[in-house]
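Geometric and topological summary
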Amino acid sequence: MKYIYLLLAIGFLTVSCEPENDGAIETLETLPVSEVTMPVKFAVDSITEIPVKYIRPTVCHAFYDFYYEKSGLTRTVAVIALKFNNGTSCPPSQLEYTATLKFKPVALGTYHFKFWTSTNAQGVDQFLEYDAIVNH
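Residues numbered from 1 in each chain as written. Predicted model: local features only at pLDDT ≥ 70, side-chain atom pairs only at ≥ 80, totals over all residues. Heavy atoms only, no water.

**Concerning the sheet that holds strand 3 (residues 48-55)**
- Strand order in the open sheet formed by three strands is 2-3-6, and the pairing between neighbours is antiparallel. If you trace the sheet from one side to the other, it starts and ends with strand 2 (33-36) and strand 6 (96-103), each paired once. For this sheet the average axis-to-axis angle between neighbouring strands, irrespective of direction, equals 30°. (Pairing = 2+ DSSP bridges. Helix = DSSP H or I, 4+ residues; strand = E, 2+ residues; numbered from the N terminus. Axes fitted to C-alpha atoms, helices over the stretch in contact; angles between N-to-C directions.)

If you want it as C-alpha cells, here you go:
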C-alpha cells in the first residue's frame, strides 16, 4: 500500500512541476551589426571587450548571444536575438543597443574580424571588417 501512495505522490509531483505553456513561442534570429568600436590593443591570453551595436527590430526581440565562428585567425560575428511571440502585437523598435563581445586571443598574429551587416539583393553576406593585431 505504501508503494501505491508513493507512486501517486510521484505522479502528482510530476504533473504539478510541468512548465506552463502559455502559447508563447520563442525563436532565434540573426540581427545585423550596425557599428563596432574595435580596440587598438590586444594581448595574448587577455580578454578585450569589443562593443558591438545592433538595432532591435521590434520590442519582442532581446539579445541572446553572439554567433561566433573561428577559421584560422578569421572570426565571423553576428548578433543572435531571441524573439518572443505570445500572440500579441510586436511594435517596431529602431532603438540601438550595445552588446559586448569578449575576445581572448590565444596566439600572436593578425586576427581578421567580419561582423555581419546584411545580405545584399544577390544573397551575398555583407560585413564590417577589421584587423586586430595581437603583438604582445
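After that view of the structure, there is still more to cover.
**Observations regarding the side chain of Ser93**
- Secondary-structure assignment places Ser93 in the loop between strand 5 (74-85) and strand 6.
- Of the residues examined, Ser93 reaches a relative accessible area of 6% and is grouped as buried.
- A polar contact of 3.5 Å, which involves the side chain of Ser93, links it to the backbone nitrogen of Leu95.
- If sequence neighbours within four positions are ignored, Ser93 has contacts with Ile55, Arg56, Pro57, Thr58 and Val59. (Buried < 20%, exposed > 50% of the residue type's maximum accessible area, 1.4 Å probe, protein only. Polar contact = N/O pair within 3.5 Å; in protein donor to acceptor, adjacent residues only side chain to side chain. Contact = heavy atoms within 4.5 Å.)

**Examining the packing of aromatic side chains**
- Taken as a whole and assessed by the stated rule, the structure comprises eight aromatic pairs.
- With 5.2 Å between their ring centres and 75° between their planes, Phe103 and Tyr111 make a pair best called edge-to-face. Accessibility classification places Phe103 together with Tyr111 in one group, the buried group.
- Counting every residue linked through ring pairs, the aromatic cluster contains Phe42, Phe103, Tyr111, Phe113, Phe115 and Tyr130. (Phe/Tyr/Trp six-rings, centres within 6.5 Å; stacked < 30°, edge-to-face > 60°.)

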